[in-house]
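# Topology and contacts: notes
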Amino acid sequence: MSKVFIPKIKEIEKVVYSPIVVHCTEKQLIIHRIITDDNLTRIDFIHYVPAMYENGGWVQMHRECFIRSCGSAEKLTLVQAVNIPYAPTKHYYRSNKDFLCYTLYFPALPKCTTAIDIIESEAPGTDWFNFYGVSIQQALSKRLVVNN
């Protein structure tokens, strides 16, 4: 079994939970949070199986995935995907009640960035996910702490 390199976020600069999204092409995929620092951008996703797939369907990630600051042409390409396989390998769901949490790592965003696009592919006729106008303006969110 090969060891997977998981990039480390060193000093968290900003955490945005459930960011505002202007437009997305995939309704079964949500952005749980975005974590940024001086070295990396981490985006955590939750993918839900579309109800039309009784036996679950599948999901995968394309290596060409990238982020960019809104209004910029500079692409920051995917560094690492964690808990989701790269295409053509697929993660198969067992039922339409399943979901998958996964993380994508990208290079650090420019400091002046206020919103980003998250692009799996902009090729015409594809069913890959794309998010446009994702806000990263929110301040660090408070976390729910449960005491035992």
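Read on for an overview of the structure. Keep in mind it's a predicted model, so treat the numbers as computed, not measured.

## Description of the overall build of the protein chain
Scanning the protein chain from terminus to terminus reveals zero helices and 12 strands. Moving toward the C terminus, one meets the helices and strands of the protein chain in the order β-β-β-β-β-β-β-β-β-β-β-β. Taken over 148 residues, the protein chain has a buried fraction of 43%. A separation threshold of at least 6 residues defines the contact pool for the protein chain, and within that pool the share at least 24 residues apart is 64%. Split by element, the accessible area of the protein chain, about 9,300 Å² in all, is 54% carbon and sulfur.

## Looking at the pattern of salt bridges
Under the definition given, this model contains five salt bridges. Arg 42 is the partner of Asp 44 in a salt bridge, and the nearest nitrogen-oxygen pair spans 2.8 Å. Judged by its relative accessible area of 6%, Asp 44 is buried. One connected set of salt bridges, linked through shared partners, spans Arg 33, Arg 42 and Asp 44.

## A few points about the pairing of strand 10 (residues 99–107)
Across nine bridges, strand 4 (residues 40–48) lies against strand 10 in antiparallel orientation. Bridge pairing in strand 10 links Asp 44 to Thr 103. Inspection of the sheet shows strand 8 (residues 80–82) paired to strand 10 by three bridges, in the antiparallel sense. Across the sheet, Gln 80 pairs through a bridge with Tyr 105, a residue of strand 10.

## Quick word on the packing of aromatic side chains
All chains considered together, the criterion is met by five aromatic pairs. Between Phe 45 and Tyr 102, the ring centres sit 5.2 Å apart and the planes meet at 20°, which makes this aromatic pair stacked. Residue Phe 45 is found in strand 4, and its partner Tyr 102 is found in strand 10; the two are separated by 57 residues along the sequence. Per residue, the accessibility class of Phe 45 equals that of Tyr 102, and both read buried. Judged by centre distance (6.1 Å) and plane angle (35°), the rings of Phe 45 and Phe 131 are tilted. Here Phe 45, found in strand 4, pairs with Phe 131, found in strand 12 (residues 130–135); they are 86 residues apart in sequence, far enough to count as distant. For Phe 45, a relative accessible area of 1% puts it in the buried group. Among the aromatic side chains, those forming a connected cluster through ring pairs are Phe 45, Tyr 102, Phe 129 and Phe 131.

## Here we look at the nonpolar core
Formed by 28 residues in total, the largest nonpolar core has its most connected members in Phe 45, Leu 104, Ile 118 and Phe 129. Those elements that provide at least two residues to this core are strand 3 (29–36), strand 4, strand 10, strand 11 (115–119) and strand 12. Here this core gets four residues from one element, more than from any other, and that element is strand 10. For Leu 104, the contacting residues outside a window of four places in its chain are Thr 41, Arg 42, Ile 43, Phe 45, Met 61, Cys 65, Leu 78, Gln 80, Ala 81, Ile 84 and Phe 129.

## Comments concerning the sheet that holds strand 4
What the five strands build is an open sheet, ordered 1-3-4-10-8; its pairing is antiparallel. Two strands close off the open sheet at either side, each with one partner strand: strand 1 (14–17) and strand 8. Between one strand and the next, the sheet's axes are offset by a mean angle of 20°, whatever the strand orientation. Inspection of the sheet shows strand 1 paired to strand 3 by four bridges, in the antiparallel sense. Pairing of Lys 14 across the sheet is with Thr 36, part of strand 3.

Conventions adopted
Residues numbered from 1 in each chain as written. Predicted model: local features only at pLDDT ≥ 70, side-chain atom pairs only at ≥ 80, totals over all residues. Heavy atoms only, no water. Helix = DSSP H or I, 4+ residues; strand = E, 2+ residues; numbered from the N terminus. Buried < 20%, exposed > 50% of the residue type's maximum accessible area, 1.4 Å probe, protein only. Contact = heavy atoms within 4.5 Å. Areas by Shrake-Rupley, 256 points an atom, 1.4 Å probe, with all protein chains shown as cover. Salt bridge = Lys/Arg side-chain N within 4 Å of Asp/Glu carboxyl O. Pairing = 2+ DSSP bridges. Phe/Tyr/Trp six-rings, centres within 6.5 Å; stacked < 30°, edge-to-face > 60°. Core = buried A, V, L, I, M, F, W, Y, C linked by side-chain atoms within 4.5 Å. Axes fitted to C-alpha atoms, helices over the stretch in contact; angles between N-to-C directions.

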